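# A closer look at the structure
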Amino acid sequence: MSHAGSRAGASARPSTGGDPDDDGAKTWRDVVGAYVGLTKPRVIELLLLTTVPVMFFADRGIPPLGLVAATVVGGALSAGSASAFNCVYDRDIDEQMRRTRRRALPRHIVSPLSALVFATVLAVLSTVVLALWVNWLSATLSLLANAFYVLVYTILLKRRTTQNIVWGGLAGCFPALIGWTAVTGELAWTPVVLFLVVFFWTPPHTWALALRYREDYRNVDVPMLPVVKPAAEVGRQVVLYSWVMVATSLLLWPVAGTSLVYPVAAAVLGAVFLVEAHRMWARTKVSDALGEINPMRLFHTSNLYLSLLFVAVALDPLLGR
């Protein structure tokens, strides 16, 4: 699970004109909005976008809608739980970063204990939903992804190494496996390829965002790659991972025996992504200024790339018959 959508963790502004940290300024809408914000809804959207299309591909058509609904609900609860746990642990640095200081915990709308209970309840509900209405394998994978994101990425890696998002990003790759196992009840090489696509996509996506907010990360001593390396080196790493990502995406064609719909889409989307990655790298070679580098251009391109690639995964069995 990457930092891609963590920008959406901020809760709604109080409807009153008072200080958001003042208990008297809180309304029930503020509190509800704060709890929703803890789940980082835009992260959930991205994760579900890599779950449902895989279900279509695994079914070679349209999977049972009840199964899709249960998988979506269970997956959303699990992702929301992981994000809430992350908000609890990172509340100290979130309060100091411009990008995150409007979240619920820095604004003291929700207490750490309440957020911890909320995250735990979501984890339990997710496991129950997936175990009862999907299958135990999917439930186990979802619980493993949650634990990996919280224990390995958030607690162990994030504040210690520039490789934090590379290996910590593995948690965000699990939805591809969960979508497949929800339909088939077993693992296979096909979802592993898609798992790896998301794995290699995560660093370019996150490093582009981290370039934009590198001063935030520097101020709280989080060693994201753009904090400890020059922008030109970040650009080079982005290009390397992008090439591997595109090559991996094309592996799905021979491994899964897709029609031509998927590889054509993957090749076109990959070419667009690579052009943007190389352009950003070129900009980092001549300037270190954010206004010149414009990393958010690549960030938004990466969101569009992953979304459309997985749409192609869903459409391939429907259009390629």
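The coordinates are above.
Residues numbered from 1 in each chain as written. Predicted model: local features only at pLDDT ≥ 70, side-chain atom pairs only at ≥ 80, totals over all residues. Heavy atoms only, no water.

### Things to note about the packing of aromatic side chains
Following the criterion strictly, the structure yields eight aromatic pairs and no others. For the ring pair Phe174 and Phe195, a centre distance of 5.7 Å and an interplane angle of 75 degrees mean the geometry is edge-to-face. Within this pair, whereas Phe174 is found in helix H9 (residues 174-184), its partner Phe195 is found in helix H10 (residues 189-212), the two being separated by 21 residues in sequence. Assigned by exposure class, Phe174 and Phe195 land together as buried. Ring geometry for Phe199 versus Phe200: centroids 5.1 Å apart, planes at 70 degrees, classification edge-to-face. According to the relative accessible area criterion, Phe199 is buried, its value standing at 9%. (Phe/Tyr/Trp six-rings, centres within 6.5 Å; stacked < 30°, edge-to-face > 60°. Helix = DSSP H or I, 4+ residues; strand = E, 2+ residues; numbered from the N terminus. Buried < 20%, exposed > 50% of the residue type's maximum accessible area, 1.4 Å probe, protein only.)

### Quick word on the packing of helix H4 (residues 65-89) against helix H6 (residues 112-133)
Packing of H4 against H6 leaves a shortest axis separation of 8 Å and a crossing angle of 155 degrees. Comparing their axes, H6 and H4 come out roughly antiparallel. Regarding H4 and H6, the two cross each other, and that crossing is left-handed. Taken together, the residues of the contact of H4 with H6 break down into 18 nonpolar, eight polar and no charged. (Axes fitted to C-alpha atoms, helices over the stretch in contact; angles between N-to-C directions. Parallel < 35°, antiparallel > 145°, perpendicular 65-115°, else oblique. Left-handed = near helix turned anticlockwise from the far one by under 90°. Nonpolar A, V, L, I, M, F, W, Y, C, P; charged D, E, K, R; others polar.)

Any functional reading would require information that these geometric values do not contain.
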